[in-house]
Amino acid sequence: MYIAQEESFGPVMVISKFKNGDVDGVLRRANTTEYGLASGVFTKDISKALYISEKLEAGTVFINTYNKTDVAAPFGGFKQSGFGKDLGKLSSPSLISHLTVQINEKTT
């Protein structure tokens, strides 16, 4: 799917179906792109969301929210979505990959 492979800057959300329990298949699809700025995970199972956030190749992973950031949190992507981080204490260049995870604990 072309839209899921490109880095779109606009109000775009890709929602993909997957077989029950095939989390690793979803991760393979999500990581098979040359970009990795941000990802979103929506689920009632916070343990599963944290597992997925560790495996996603993205600079920021939002859990049960999207694009709600803390100005003090490091910002930047993986792969072709950027090198290094802006903002926060981790903004200086480094060989270490840093992941920012934003969790909305208040879900309805």
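The rules we used
Residues numbered from 1 in each chain as written. Predicted model: local features only at pLDDT ≥ 70, side-chain atom pairs only at ≥ 80, totals over all residues. Heavy atoms only, no water. Helix = DSSP H or I, 4+ residues; strand = E, 2+ residues; numbered from the N terminus. Contact = heavy atoms within 4.5 Å. Areas by Shrake-Rupley, 256 points an atom, 1.4 Å probe, with all protein chains shown as cover. Core = buried A, V, L, I, M, F, W, Y, C linked by side-chain atoms within 4.5 Å. Buried < 20%, exposed > 50% of the residue type's maximum accessible area, 1.4 Å probe, protein only. Pairing = 2+ DSSP bridges. Axes fitted to C-alpha atoms, helices over the stretch in contact; angles between N-to-C directions.

What follows covers the overall build of the protein chain. Within the protein chain, the secondary structure is distributed over three helices and five strands. Reading the helices (α) and strands (β) of the protein chain from amino to carboxyl end gives α-α-β-β-α-β-β-β. For the protein chain, the share of sequence-separated contacts (at least 6 apart) that also reach a separation of at least 24 residues comes to 51%. Surface accessibility of the protein chain: about 8000 Å² in total, with carbon and sulfur atoms responsible for 55%.

Let's shift gears to the nonpolar core. Ranked by size, the top nonpolar core spans nine residues in total: Val-23, Leu-27, Val-41, Ala-49, Ile-52, Leu-56, Ala-58, Val-61 and Ile-63. Elements with a contribution of two residues or more to this core: α2 (23–31), α3 (46–55) and β3 (60–63).

Let us now look at unusual backbone geometry. Its identity is not glycine, yet Asn-64 carries a phi of approximately 60°, on the positive side. Within the secondary structure, Asn-64 sits in the loop between β3 and β4 (78–79). Residue class for Asn-64 comes out buried when judged on its relative accessible area of 15%. Phi angles above zero are rare outside glycine, and Asn-67 is one such case at about 65°. Here Asn-67 is to be found in the loop between β3 and β4. Under the relative-accessibility criterion, Asn-67 is labelled exposed at 60%.

What follows concerns the sheet that holds β3. The strand order across the open sheet formed by three strands is β2-β3-β5, and the pairing between neighbours is parallel. Where the open sheet ends on each side, the last strands, each with one partner, are β2 (38–41) and β5 (100–103). Ignoring strand direction, the axes of neighbouring strands in this sheet form an average angle of 15°. Strand contacts of α3: β2, β3 and β5, with the helix running at about 170° to β3, the strand carrying the most contacts.

What follows is about the environment of Gly-77. For Gly-77, the position within the fold is in the loop between β3 and β4. Through-space distance from the C-alpha of Gly-77 to that of Leu-99 is 8.8 Å; in sequence the pair is 22 residues apart.

To continue, consider the pairing of β5. Taking every second residue as pointing to the same face, the buried face of β5 carries Thr-100 and Gln-102, while none of Val-101 and Ile-103 on the other face is buried. In the sheet, β3 pairs with β5 via four bridges, with the strands oriented parallel. The residue of β5 that forms the bridge with Thr-60 is Thr-100.

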